[in-house]
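A look at the structure
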Amino acid sequence: MTGSFSAGSTGHPRCAEVAGAGFAGLTVSIALARRGWTVRLHEQNDEVRDFGAGILLWRNAMLALEVIGVAPAIRANGVAPATYDTSLNGEPVSSELAGYPYWAITRPRLHALLVAAARAAGVEIVTGSRAVGADPEGGLLLADGTRLAADLVIGADGAGSAVRNSLGDLTQERKKYQDGVCRVLIPRPEEFQGPEWDRVIDFWTLEPDPMRILFIPTGPDKIYMGMMATTTNERASRIPIDVEVWSERFPHLATAVRLAGRAEGGRHDTYQTNRVTPWSIGQAVLVGDAAHAMCPALGQGASVGIVNAVELAHTLDQYDDVGEALTVWEQRERSMTDAAQARSAYMAETRTLAKGSGFTPEVMETANFVLAAATPENVASYPVPEANRSW
Ligand code: 5PR
């Protein structure tokens, strides 16, 4: 074990090459740079920006974001939903999570906050730089044939990770599911203004086939709509949103559905899980969806990626030896991550949330996870209501 400053045994700052400027890649870059690492972050696109709609950040992610100093900006820019209300066939079935510390925010806003924090921490962000692989000796391989040598190379390049696929000694189990989701941001209409609308509402219908609208206010002027259907329902799996097919099923949401039909920048994704073991080979490691893509059914995919990214930097800080740190890190995170993947897959397959009262203390275990890097003060500032505790 070393002290809290990352200089390794030689006294030189350690360096990381990171592939992918999504949430996990930005987070691990910030966390390492703040601990004295020299970090270069490669993004294949010509701009660093997020494509996508909205996101929930649970307590586990907020604690991790506290560690890297980004949580105050999330609290200032996002919405803390008062409750998570479920409705089935137009009838309310439950209202949960009152007082639970979680936030909703748009993906572009979260991304911009992380990019600003990365720059402030001294991370060098290189755009138009595509990673095609890595080697266990700590080399990042770029599309132009360059090999960049580092103390640690990090694949944060998403569910289709080229870094992961280049590392031969990993096992991967990938699975696709029958559901998919269209995600859009809409302007917040007059009828959904006011603090009484600052709550998540999960509207389900199951007959003749499951369709669901997850309504999540993400700020004063934007609502995130997650519109789920089976992929065999082609009209309900399209972008732009098919206003007719969605408003027939959700007549009381006709205004919001009409706005969804005009939304730009929406996308459709099919649910998938990707379980990788181990998460590292030598001096190459995977974070985020590259390591553990999961079904979005519990809204935990990004949160788990953010937690594991911060914890990776924290654990590397505690050990001189990178390999030892990677082993300890995976031991700390593995069971929580596996449980999140398994539970969100179960929720997706059974659609249990439609029945209401689905956020049992057991289901909330991932969201309640406290990373080792969190301080007691951080933890105390995100109290969990009695009803949501499993301890
Ligand atoms: N929860 C959240 C979400 O974004 C989605 C789901 C659940 C926060 C869809 O992306 O079940 O599909 C879901």
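Notes on the structure follow. (Residues numbered from 1 in each chain as written. Predicted model: local features only at pLDDT ≥ 70, side-chain atom pairs only at ≥ 80, totals over all residues. Heavy atoms only, no water.)

What follows covers the overall build of the protein chain. In terms of helices and strands, the protein chain carries 11 helices and 18 strands. On C-alpha atoms alone, the protein chain measures out to a radius of gyration of 21 Å, which is about the 21 Å that the 2.2 N^0.38 rule sets for 391 residues. Along the longest, intermediate and shortest principal axes, the C-alpha atoms of the protein chain span 65 × 45 × 35 Å. Within the protein chain, buried positions represent 59% of all 391 residues. Contacts in the protein chain between residues far apart in sequence, at least 24 positions, make up 72% of those at least 6 positions apart. Of the roughly 15400 Å² that the protein chain leaves accessible, carbon and sulfur atoms contribute 50%. (Helix = DSSP H or I, 4+ residues; strand = E, 2+ residues; numbered from the N terminus. Rg over C-alpha atoms; globule rule 2.2 N^0.38 Å. Buried < 20%, exposed > 50% of the residue type's maximum accessible area, 1.4 Å probe, protein only. Contact = heavy atoms within 4.5 Å. Areas by Shrake-Rupley, 256 points an atom, 1.4 Å probe, with all protein chains shown as cover.)

To continue, consider the packing of aromatic side chains. Applying the stated criterion across every chain, the model contains 12 aromatic pairs. Between Trp-58 and Phe-359 the ring centres are 5.9 Å apart and the planes differ by 35°, which places this aromatic pair in the tilted class. You can see Trp-58 sitting in the loop between β3 (54-57) and α2 (59-67) and its partner Phe-359 sitting in the loop between α10 (322-350) and α11 (376-380), a full 301 residues away along the chain. Each ring, one from Tyr-100 and one from Tyr-102, has its centre 6.0 Å from the other, and the planes form 55°; the classification is tilted. Of the two residues examined, Tyr-100 and Tyr-102, each falls in the buried class. Here the aromatic residues Trp-58, Tyr-84, Tyr-100, Tyr-102 and Phe-359 are joined through ring pairs into a cluster of three or more. (Phe/Tyr/Trp six-rings, centres within 6.5 Å; stacked < 30°, edge-to-face > 60°.)

Moving on, we come to helix α4 (residues 107-120). Each α-helix turn comprises 3.6 residues. Residues three or four places apart therefore point the same way. End to end, α4 covers 20 Å across 14 residues, agreeing with the expected 20 Å (1.5 Å per residue, within 8%). Within α4, the full set of buried residues consists of Arg-107, Leu-110, His-111, Leu-113, Leu-114, Val-115, Ala-117 and Ala-118. Contact partners of the buried residues in α4: α1 (23-34), β3, α2, α3 (71-77), β6 (103-106) and β7 (124-127). Where α4 begins, the capping side chain belongs to Thr-106, and its oxygen is found 3.1 Å from the backbone nitrogen of Arg-109. Of the residues trailing α4, Gly-122 is marked for its positive phi of about 95°. (Expected span 1.5 Å × (residues − 1). Polar contact = N/O pair within 3.5 Å; in protein donor to acceptor, adjacent residues only side chain to side chain.)

As a further point, take the packing of α1 against helix α9 (residues 301-318). Direction vectors running N to C along α1 and α9 enclose 25°, while the axes themselves pass 8 Å from each other. Taken together, the axis directions place α1 and α9 in an arrangement best described as roughly parallel. Seen from above, α1 lies across α9 with right-handed handedness. Along its contact with α1, which presents Phe-23, Ala-24, Thr-27, Val-28, Ala-31 and Leu-32, the element α9 presents Ala-302, Gly-305, Ile-306, Ala-309, Val-310, Leu-312, Ala-313 and Leu-316. Considered class by class, the residues forming the contact of α1 with α9 number 12 nonpolar, two polar and no charged. (Axes fitted to C-alpha atoms, helices over the stretch in contact; angles between N-to-C directions. Parallel < 35°, antiparallel > 145°, perpendicular 65-115°, else oblique. Left-handed = near helix turned anticlockwise from the far one by under 90°. Nonpolar A, V, L, I, M, F, W, Y, C, P; charged D, E, K, R; others polar.)

Right, let's talk about the layout of surface pockets for a bit. Each pocket or cavity is described by its volume, and for the second largest pocket that value is around 170 Å³. In terms of lining, the second largest pocket is formed by Asn-77, Thr-106, Arg-109, Leu-185, Thr-218, Gly-219, Pro-220, Asp-221 and Lys-222. (1 Å grid on protein atoms, 1.4 Å probe; cavity = no way out; pocket = protein on both sides within 12 Å on 5 of 7 lines; lining within 4 Å. Points joined across faces, edges and corners; volume = space filled by probe spheres on them.)

Before going further, it helps to examine the sheet that holds strand β8 (residues 131-135). One open sheet holds the three strands; their spatial order is β8-β9-β10, and the pairing between them is antiparallel. A single partner strand is all that each edge strand has here, and the edge strands are β8 and β10 (147-149). Here the average twist between neighbouring strands, direction ignored, is 25°. Inspection of the sheet shows β8 paired to strand β9 (residues 139-142) by four bridges, in the antiparallel sense. Bridging across to β9, Asp-135 finds its partner in Gly-139. (Pairing = 2+ DSSP bridges.)

These figures come from the coordinates and say nothing about function on their own.
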